[in-house]
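# Structural overview
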Amino acid sequence: HLHQSPGTPPEAVHVMRDPANGLEGVIVLHSTRLGPAAGGCRLWRYPDAAAAATDALRLAEGMAYKNALADLPLGGGKAVIRLPQGKFDRAALFRAFGREVERLEGRYLTAEDVGTGVADMEWVRTETAHVAGLPAAQGAVGGDPSPWTALGVLSAMEEAVRRRHGSGLAGATVAVQGLGHVGTHLCELLASVGARLVVADVDPGRAAACAARFDAQLVAPDAILDVPCDVFAPCALGGVLDERGVVRLKAEIVCGAANNVLASDADGLRLAKRGVLYCPDYVVNSGGIINVCAEHLGWSRAEVERRVGQTGERLRAVLDHAEQRSLAPHRAANALAQARIAVGYTASAQA
Ligand code: NAI
């Protein structure tokens, strides 16, 4: 199900059907071996129930791997709700979803994903405590995870550039694709460490504003892959590096926030063959889920900072493993995650 892996079967699939409240979808518990199956709730238009289930299976497996490699006491899961046709009562829908989460008695922990937001999670919260991504008081843990995701990507990028060039990010050229929540925060961090930025977004206003703010070179959305640079940072949608994309890419390193950057396992192998250092997406973009985990388990902000700041070290372990075993990095990440899930959690990794 996951593009980059052969796919392992899920532990459980919970079908949701509550037509009175417009709810139709699934919750997939890929694995609860390391803790509650954590992963966001996606509200999206799917052609049929099978398409929704396929997406949920793939996403839940990805969450299991991401959480395992981030050393979190979490398994992996995902909820997918089919967007109702026409007008619908959003509060009723998310309350009904909350009751389904509650029925799983803590085996699934939900939060925001594509198509859902903080307000939806507040409705879920009226029915269950197994939800994160709720608004946080000033300085408290919770709220928008994207600044943490960006910080983790920066930590990973520093590690990758050091590994490749033996230097820091100052003076390095980074091409950022997608200037949304994570992309904008990432540009801010990169500018502060002296990187040169090239940026693109399909939203022209957003792209121009970002270029002006960070003194970045602006390119058209379909030209960002052709930019000669040290690092390509995909922060838009998945599947950017397909067969064509890999050939066009002029970066030495790929390190960004987008999920499922590789269109297929073969594309990861192609990147390696071309000598591009690919930093596996779910190793690099775990900052957000670390913050979600902290919110749920009551960890401090300092603990979130410490763990997100270790993203580069975790990437190093994956890249070392890849080198030692002559594996492409995406395959090394999958193998390490699967092994960790199979063995179970070690006490030393817990807070
Ligand atoms: P967002 O929706 O705020 O931003 C995405 C941006 O990409 C938008 O500005 C959009 O206009 C732009 N975009 C879309 N297609 C594009 C294209 N072809 N070329 C250039 N720009 C394009 O999303 P967000 O939250 O910033 O997430 C970005 C990526 O990171 C997504 O793939 C998401 O799944 C992933 N991610 C996000 C996390 C978070 O904490 N928000 C955590 C882990 C992964």
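So, here's what we can say about the structure. Please read these numbers as outputs of a predicted model, since none were measured by experiment.

### A short note on the overall build of the protein
If you tally the helices and strands in the protein, you get 13 helices and twelve strands. Taking 351 residues into account, the globule formula puts the C-alpha radius of gyration at 20 Å, and the protein, at 19 Å, falls close to it. Principal-axis analysis of the C-alpha atoms gives the protein an extent of 55 × 45 × 40 Å. In the protein, once contacts between residues fewer than 6 apart in sequence are set aside, the share between residues at least 24 apart is 67%.

### Some words on the layout of surface pockets
Here the second largest pocket is characterised by a volume of approximately 350 Å³. Taken together, 19 residues form the lining of the second largest pocket, with G142, D144, P147, W148 and R301 sitting closest to its centre. Broken down by secondary-structure element, the contributors of at least two residues to the lining of the second largest pocket are helix 4 (146-165), helix 5 (181-192) and helix 11 (301-309). A total of four residues in the lining of the second largest pocket trace back to one element, the largest contributor, which is helix 4. Taken together, the residues of the lining of the second largest pocket break down into ten nonpolar, six polar and three charged.

### Considerations on helix 3 (residues 118-125)
Along helix 3, the residues that are buried comprise D120, M121 and V124. Looking down the long axis of helix 3, one finds its buried residues gathered within 100° of arc, a one-sided arrangement. For helix 3, the secondary structure elements touched by its buried residues are strand 4 (41-44) and helix 2 (90-103).

### Section: the packing of helix 11 against helix 12 (residues 311-325)
With their axes 5 Å apart at the nearest point, helix 11 and helix 12 run at an angle of 30° to one another. Each of R307, V308 and G309 in helix 11 lies in contact with helix 12, whose residues at this interface are T311, G312 and R314. For the contact of helix 11 with helix 12, the per-class residue count stands at one nonpolar, three polar and two charged.

### Some points on the packing of helix 12 against helix 13 (residues 329-343)
Where helix 12 contacts helix 13, the axes come no closer than 8 Å and their chain directions differ by 110°. On the basis of the axis angle, helix 12 is roughly perpendicular to helix 13. Residues A317, V318, L319, H321 and A322 of helix 12 form the contact with helix 13, whose own contacting residues are P329, A332, A333 and L336. Classifying every residue of the contact of helix 12 with helix 13 gives eight nonpolar, one polar and no charged.

### Some thoughts on unusual backbone geometry
For D71, which is not a glycine, the phi torsion comes out positive at approximately 60°. With respect to the helices and strands, D71 occurs in the loop between helix 1 (49-69) and strand 5 (75-82). For D71, a relative accessible area of 24% gives the class partly exposed.

### Considering helix 6 (residues 204-214)
Taken as a whole, helix 6 has its buried residues at A207, C210, A211 and F214. Each buried residue of helix 6 sits inside an arc of 100° when the element is viewed along its axis, so together they form one side. When the buried face of helix 6 is taken as reference, the exposed residues oriented beyond 90 degrees from it are A212 and R213. Check the buried side of helix 6 and you find it contacts helix 5, strand 8 (196-200) and strand 9 (217-218). Two or three places before G205, at the opening of helix 6, D203 has a side-chain oxygen 3.1 Å from that residue's backbone nitrogen. Of the residues one or two after helix 6, D215 is the one with positive phi, at around 55°.

### Observations concerning the site of the ligand
Residues in contact with the ligand amount to 20 residues; listed here are only the nearest, T149, H181, D201, R206 and A236. Measuring from an oxygen atom of the ligand, one finds a backbone N or O atom of A236 at 2.7 Å. A distance of 3.3 Å separates an oxygen atom of the ligand from a polar backbone atom of A257. Here the ligand, which alone exposes 840 Å², has 74% of that area covered by the protein. Residue assignment for the shell around the ligand shows that the elements contributing at least two residues are helix 4 and helix 5. Considering only residue class, the shell around the ligand consists of nine nonpolar, eight polar and three charged.

### As for the pairing of strand 1 (residues 12-18)
When strand 1 meets strand 2 (residues 23-31), the two strands line up antiparallel, connected through seven bridges. Looking at strand 2, one finds that V15 is bridged to V26. Between strand 1 and strand 2, which pair antiparallel in sequence order, lie four residues; one of them, G22, sits at a positive phi of approximately 75°.

### So, empty space enclosed by the protein
According to the stated counting rule, one finds one cavity of 30 Å³ or more in the structure shown. There is about 130 Å³ of room inside the largest cavity. Along the walls of the largest cavity sit eleven residues, with L59, G62, M63, N259 and N260 positioned nearest its centre. Of all the secondary-structure elements, those providing two or more residues to the lining of the largest cavity are helix 1 and helix 9 (281-284). With five residues, helix 1 is the single largest residue contributor to the lining of the largest cavity. Partitioning the lining of the largest cavity into residue classes produces four nonpolar, three polar and four charged.

### Remarks on the environment of G238
Relative to the helices and strands, G238 is located in the loop between strand 10 (229-234) and helix 7 (243-248). With relative accessibility at 40%, the residue G238 sits in the partly exposed group. On a C-alpha basis, the gap between G238 and D281 in space is 9.8 Å, while along the polypeptide they are 43 residues apart. Residue contacts for G238: discarding those within four places in its chain leaves N259 and N260.

Here is what the cut-offs are and how they apply
For every chain, the first residue of its written sequence is number 1, and the numbers climb from 1 along that sequence. Per-residue local features of the predicted model are confined to residues with pLDDT of at least 70, and side-chain atom pairs are confined, for both listing and counting, to 80 or more; whole-chain, interface and lining totals are unaffected and use all residues. Only hydrogens and water are set aside; all other atoms, that is, all heavy atoms of the structure, feed into the side-chain values. Secondary structure is summarised from DSSP: a helix means a run of H or I of at least four residues, a strand means a run of E of at least two, and numbering begins at the N terminus for each. For the radius of gyration, the atom set is restricted to C-alpha positions; the globular benchmark scales as 2.2 Å times the number of residues to the power 0.38. Note on contacts: a residue pair qualifies if any of its non-hydrogen atoms lie within 4.5 Å across the two residues. Put plainly, a pocket is an open set of points on a 1 Å grid over the protein atoms alone with protein on both sides within 12 Å along at least five of seven lines, a cavity is a set where a 1.4 Å probe fits but cannot get out, and a lining residue has an atom within 4 Å of a point. Grid points are joined across faces, edges and corners, and a volume is the space filled by probe spheres set on the points. Residue classes follow a fixed rule: Ala, Val, Leu, Ile, Met, Phe, Trp, Tyr, Cys and Pro count as nonpolar, while Asp, Glu, Lys and Arg count as charged, and any other residue, Gly among them, counts as polar. Relative accessibility decides the category of a residue: with a 1.4 Å probe and only protein chains considered, values under 20% of the type maximum give buried, values over 50% give exposed, and everything between is partly exposed. The reported arc concerns the directions from the helix axis to the C-beta atoms and nothing else. Axis definition: a line fitted to C-alpha atoms, limited for helices to the stretch in contact. Angles are taken between N-to-C directions and run from 0 to 180 degrees. An angle counts as roughly parallel when it lies under 35 degrees, as roughly antiparallel when it exceeds 145, as roughly perpendicular when it falls between 65 and 115, and as oblique in every other case. Within 3.5 Å is the distance limit for a polar contact, defined as a pair of N or O atoms, with the added protein rule that one can donate a hydrogen and the other accept it, and that residues adjacent in sequence qualify only through two side-chain atoms. Any residue with at least one heavy atom within 4 Å of a molecule or strand is counted as near it. What sets the accessible areas is the Shrake-Rupley method with a 1.4 Å probe; for residues, cover comes only from the shown protein chains. DSSP calls a pair of strands paired once it identifies at least 2 bridges connecting them.

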